Amino acid sequence: MKVKIKKWTGVGTWSYKVDYDNCGICRQPFHGCCPYCKWPGETCPVVWGQCTHCFHIHCMAKWLKAQEPREQCPLCRQKWRYA
Amino acid sequence: MASFRKTGSISLARELAIDDPVLRSHISLGVASCPFNSKDWDIAPNSATALKRAERDVAMGMSSPTEGIFVSGDDANIMFVHAMIVGSFDTPYEGGFFQFMVRFGPNYPFDPPRVCCMSSYRYGHVVRFNPNFYEDGTVCLSILGTWEGPSWAATNTLSSLLLSIQSMLSAEALCNEPGYERLRGCNASSVTNFDIYARHETLRVAVVETLRHAEGFRIPAQLVEVMRNLFFEYYDAYIESCDQYAMYDNKTMQVSLLSKNFVPNFKEIKKNLTALHSELQAKL
């Protein structure tokens, strides 16, 4: 049997390249969004530190604000520097 | 719903305070870091993150429990959690049912929860179970901000917090107190005396009195169920412990950190344990 393709539609998926599934701060999945956002993706991105740990950007911003003036990664307590 | 969230904690505090003279004084004295004395938290609305994290922490505590740690959400308020830690074997706290009240703040997990050890001053008994558990229920722990050392991080959870508390219920507990660290492993009398005191009070208050008054003190039904089952399982060990330590009975002891002398009476506890056993068996 010969099949002739007349038309095709490409579908792409994306995911964050992360070692763990959930944000350590809000415990919501990275492929979802932080509790303040409605939609995952560009509006609620993931942010990495130089210590290789990652969080929702909104969660991290809140943590750094709560920690002022010390700025530590909440997982390894190293000084937080955006990667 | 919003107004319920605001007032729920206040009414729970009042309700509990009616039962408990020490808790009442707690509120009037304004003991810091007490979950029931959190006026600042009562008026602030809970953030979206706080509600989601609190819910998830409790769910995780229930679905993947750690050995010897049991949690139950409060019916009236999602931000309150009843936690129970069962003392590990080979420690003076073995088989004891330690009750804690944990409260998540409106800014959880960016602020640490507030914890009260309910076993310390309930049932008309005031006990210093551990150097880090004050008689007024305060739990001294660096991640709670009530002790020096590494502070709270937003990645800490209810489970990790309870695990830290569980680890304080160890043998040679007195060595956790500043000034006594050197005595670890030295068989010093102050350390062994404190352990005897902790064992005595664990059996007397954290086992017998706790089970006796479980219903009167609003311990959630699920936790009472767990306690009853474990009581039957551990009963022989409790009795063995009473027999083994009966040699210290009626000897007045000086125990560090206590204002009064302590006179053990393991025989009396054994009698109460046996009575409680038959009482609980009759209810089955």
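Residues numbered from 1 in each chain as written. Chains lettered and ligands numbered in written order. Predicted model: local features only at pLDDT ≥ 70, side-chain atom pairs only at ≥ 80, totals over all residues. Heavy atoms only, no water.

Undergrad: Help me out: how do you make sense of the nonpolar core in this one?
TA: Judged by nonpolar contacts, the single largest core of 72 residues is most densely connected at Phe97, Phe100, Phe133, Val139, Ile165, Phe231 and Leu273 of chain B. Here this core gathers at least three residues from each of two domains, domain 2 (38-168) and domain 3 (173-282) of chain B. What Phe100 of chain B contacts, discounting residues up to four positions off in sequence, is Val81, His82, Ala83, Ile85, Val115, Cys116, Cys117, Met118, Phe133, Val139 and Ile165 of chain B. Residues Cys26, Cys34 and Val47 of chain A together with Ala154 of chain B belong to the second largest nonpolar core, which totals 22 residues. (Core = buried A, V, L, I, M, F, W, Y, C linked by side-chain atoms within 4.5 Å. Buried < 20%, exposed > 50% of the residue type's maximum accessible area, 1.4 Å probe, protein only. Domains from an automatic or database assignment. Contact = heavy atoms within 4.5 Å.)

Undergrad: Is there a simple way to think about the UniProt feature "domain: RING-type" (unreviewed entry) in chain A in this case?
TA: As recorded in UniProt, the feature "domain: RING-type" (unreviewed entry) lies at residues 34-77 of chain A. Across residues 34-77 of chain A one finds 25% helix and 14% strand; the C-alpha atoms that close the span lie 22 Å apart. (UniProt positions renumbered as here; feature names shortened; annotations may be inferred. Helix = DSSP H or I, 4+ residues; strand = E, 2+ residues; numbered from the N terminus.)

Undergrad: Whenever I open this one, helix α1 (residues 57-67) of chain A confuses me. Can you help?
TA: Side chains of residues three or four places apart in an α-helix project in the same direction, reflecting 3.6 residues per turn. Looking only at α1 of chain A, the buried set comprises Cys59, Met60, Trp63, Leu64 and Gln67 of chain A. Along the long axis of α1 of chain A, the arc covered by the buried residues comes to 130°, so they all point the same way. (Arc of directions from axis to C-beta.)

Undergrad: How do you make sense of unusual backbone geometry when you look at a structure like this?
TA: For residues besides glycine, phi is generally negative; the peptide bonds are generally trans as well. All names here are of chain A. Omega for the bond connecting Glu68 with Pro69 falls within 30 degrees of zero, at 0°, which places this linkage in the cis form. Examined against the element boundaries, Pro69 turns out to sit in the segment after α1. Phi at Thr52 is positive, roughly 75°, even though this residue is not glycine. One can find Thr52 in the loop between β1 (46-48) and β2 (54-56).

Undergrad: Any chance you could explain the sheet that holds strand β3 (residues 97-103) of chain B here in plain terms?
TA: Consider a sheet: its strands pair through backbone hydrogen bonds, and that pairing is either parallel or antiparallel. Residues and elements named next belong to chain B. Here we have 4 strands laid out as an open sheet, ordered β1-β2-β3-β4, and antiparallel in their pairing. If you trace the sheet from one side to the other, it starts and ends with β1 (69-73) and β4 (114-117), each paired once. Each neighbouring strand pair of the sheet contributes to a mean axis angle of 25°, computed without reference to strand direction. In this structure, strand β2 (residues 80-86) lies alongside β3, joined through 7 bridges in antiparallel fashion. For Val81, the partnering residue across the bridge sits in β3 and is Val102. (Pairing = 2+ DSSP bridges. Axes fitted to C-alpha atoms, helices over the stretch in contact; angles between N-to-C directions.)

Undergrad: Explain a nonpolar patch on the surface to me, please; I cannot follow it from the model alone.
TA: Residue and element names in this part refer to chain A. Nonpolar side chains collect at one region of the surface, where Met1, Val3, Ile5 and Trp8 lie side by side and expose about 660 Å² of accessible area between them. Take Val3: it is sitting in the segment before β1. When its relative accessible area of 64% is taken as the criterion, Val3 is described as exposed. (Patch = residues over 30% accessible without salt bridge, like charges linked within 9 Å, V, L, I, M, F, W, Y side chains within 5 Å. Areas by Shrake-Rupley, 256 points an atom, 1.4 Å probe, with all protein chains shown as cover. Salt bridge = Lys/Arg side-chain N within 4 Å of Asp/Glu carboxyl O.)

Undergrad: When you look at the state of the cysteines in this model, what are you seeing that I'm missing?
TA: Each disulfide consists of a covalent bond between the sulfur atoms of two cysteine residues. Within the structure shown, the criterion is met by 0 disulfides over all chains. With no disulfide of its own, Cys76 of chain A has Cys73 of chain A as its nearest cysteine by sulfur position, at a separation of 3.7 Å. (Disulfide = S-S within 2.5 Å.)

Undergrad: Even after reading the chapter, I still don't get the pairing of β3 of chain B, so can you show me in this structure?
TA: Residues and elements named next belong to chain B. By the criterion of burial, β3 is predominantly enclosed, with 7 of the 7 residues buried. Here β3 pairs with β4 via 4 bridges, running antiparallel. For Phe100, the partnering residue across the bridge sits in β4 and is Cys117.

Undergrad: Hey, could you run me through helix α7 (residues 221-245) of chain B in this one?
TA: Residue and element names in this part refer to chain B. In α7, a bend of some 55° at Tyr234 exceeds every other bend along the element. Those residues of α7 that fall on the buried side of the exposure criterion are Leu223, Val224, Met227, Leu230, Phe231, Tyr234, Tyr235, Tyr238, Ile239, Ser241, Cys242 and Tyr245. In the core, the buried residues of α7 are packed alongside β1, β2, β3, α6 (189-212) and α8 (266-283). (Bend = angle between axes of the 7 residues up to and from the residue.)

Undergrad: I tried to follow the packing of α7 of chain B against α8 of chain B on my own but got confused; where do I start?
TA: Think of two packed helices as two axes; the pair is described by the angle between the axes and how far apart they sit. Residues and elements named next belong to chain B. Following both chains from N to C, one finds α7 and α8 inclined at 160°, their axes separated by 10 Å at the closest point. As summarised for this structure, α7 and α8 are arranged roughly antiparallel, according to the angle between their axes. Crossing angle aside, the handedness with which α7 passes α8 is left-handed. Here Arg228, Phe231, Phe232, Tyr235, Tyr238, Ile239, Cys242, Asp243 and Tyr245 of α7 lie close against α8, whose contacting residues are Phe266, Ile269, Lys270, Leu273, Thr274, Leu276, His277, Leu280, Gln281 and Lys283. When its residues are assigned to classes, the contact of α7 with α8 shows 12 nonpolar, 3 polar and 4 charged. (Parallel < 35°, antiparallel > 145°, perpendicular 65-115°, else oblique. Left-handed = near helix turned anticlockwise from the far one by under 90°. Nonpolar A, V, L, I, M, F, W, Y, C, P; charged D, E, K, R; others polar.)

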